[in-house]
Amino acid sequence: MITLGIETSCDETAVAVLEEGFQIRSNLIARQEHLHERFGGVVPEVAARAHVEALNPLLADALERSGCGFDDLDGVAVTTGPGLVGALLVGMAAAKALALATRAPLIGVNHLEGHYWANFLEHGPPDPPYVALIVSGGHTMLVHVPELFRHVVLGQTLDDAAGEAFDKVARLLGLGFPGGPALDAAARTGDPHAVRFPRAMEGSGDLDFSLSGLKTAVLRYVRAEQAAGRAIDVPDLAASFQEAIVDVQVSKTIAAAERTGVRTVLLGGGVVANTRLRERLTIDGEAKGLRVLYPPPELCTDNAAMIACVGAARLARGERTSLDIPADPNLQLAT
Ligand code: KG4
Ligand code: ZN
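Residues numbered from 1 in each chain as written. Chains lettered and ligands numbered in written order. Predicted model: local features only at pLDDT ≥ 70, side-chain atom pairs only at ≥ 80, totals over all residues. Heavy atoms only, no water.

Caption draft 1: Quick look at the site of ligand 1. H115, G137, D167, D184 and D302 are the nearest of the 19 residues found near ligand 1. Elements with a minimum of two residues in the shell around ligand 1: helix 4 (111-117), helix 5 (162-172) and helix 6 (179-187). Counted by class, the shell around ligand 1 contains 5 nonpolar, 11 polar and 3 charged residues. (Near = heavy atom within 4 Å. Helix = DSSP H or I, 4+ residues; strand = E, 2+ residues; numbered from the N terminus. Nonpolar A, V, L, I, M, F, W, Y, C, P; charged D, E, K, R; others polar.)

Listed below in structure tokens is the structure:
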């Protein structure tokens, strides 16, 4: 069974071809960071136009590298939300046209489900139940997955997403866009205990997050240091900020697993590429007897293989998506 996946929910144009649901035959990404860098964030209109330009050549390339032609497709999976509506529509129009032309069934996929399914590429899903921590540029949430395709959202951010906080603080420190990877690199030589930033909601007793206060605390610290004529130690500041985020993510993820009695924790989303988050969750999780799984860094950030992986599994259980499905920028995880 050959499944084509298309992902255009934000600023990455991505196409993948999977065999038997989870083996990657090709997985290509056209990045557009350079187009958004000077704005300090993704500009929706610019993203949609760039998808239009990138998608067709990328589709041709992904098929060629996979050794498949249009006639070999058994299914076409596409992200239908959440994301930027104009960006989503580009991928969806292409997927619908392909499904119509090849008669392969269309399957719409939730981007967030894709993020934790990135763990299942290569080997397929381990036995549920799981707790999934999904942390990206747009989301920060803990989800209980009692069985495949069933989700109970346990908690989420009340304001900024973790990736957004990484990007904003990186910008403040002059590290460029997207800032997460640069901040991660800068933090490697810094002291995570140099500055004590607030761990918002760490002891709140629920599984929600709040990140906007941390960002403001970093801004206030930088302004105060500058006003006092002291130079900012970027690695120390990056490491201290990162540690504050990671502390809360780790303690809430472990609390979520304990509350639900789940032993397998799946991590997904761009922020899971973060070295310190992976390291701390593995060490602290394993100390509590949890199995912590995360995808390789290149499958943490947006890609189409994860979308094709969910799509193939949903097609295999008989699901089909109608060709008139709309894009849904606020799509929720199905319960
Ligand atoms: O999942 P993703 O590619 O796109 C969304 O669905 O939002 O996540 C992108 C986010 C960006 O905010 C980026 O800065 C962050 O993931 N990110 C990281 C790292 N790599 C990417 N954050 C921290 N450390 C990293 N190594
Ligand atoms: Zn994403």
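Next comes the rest of the account.
Caption draft 2: Spatial organisation of the environment of A194. Positionally, A194 belongs in the loop between helix 6 and helix 7 (212-227). Along the sequence, A194 and D236 sit 42 residues apart, while their C-alpha atoms lie 5.9 Å from each other. Once residues lying within four places of it in the same chain are set aside, the contact partners of A194 are D236 and S240. (Contact = heavy atoms within 4.5 Å.)

Caption draft 3: Focus on the coordination of the zinc ion (ligand 2). Within the first shell, the zinc ion (ligand 2) binds the protein through H111 (NE2), H115 (NE2) and D302 (OD), at distances of 2.0 to 2.1 Å. The motif formed by the donor residues of the zinc ion (ligand 2), counted along the single chain, is H-x3-H-x186-D. Residue H111 is located in helix 4, and its partner D302 is located in the loop between helix 10 (297-300) and helix 11 (305-316); the two are separated by 191 residues in the primary sequence. (Donors = N, O, S within 2.8 Å, 3.2 Å for Na, K, Ca; no water.)

Caption draft 4: Quick peek at empty space enclosed by the protein. All chains considered together, the criterion is met by 1 cavity of 30 Å³ or more. Empty space within the largest cavity amounts to approximately 70 Å³. Around the largest cavity, the lining residues are P198, R199, A200, F209, S210, L211, L214, A244, I245, V248 and Q249. In terms of residues, the lining of the largest cavity owes the most to one element, helix 8 (residues 234-260), which gives 4 residues. (1 Å grid on protein atoms, 1.4 Å probe; cavity = no way out; pocket = protein on both sides within 12 Å on 5 of 7 lines; lining within 4 Å. Points joined across faces, edges and corners; volume = space filled by probe spheres on them.)

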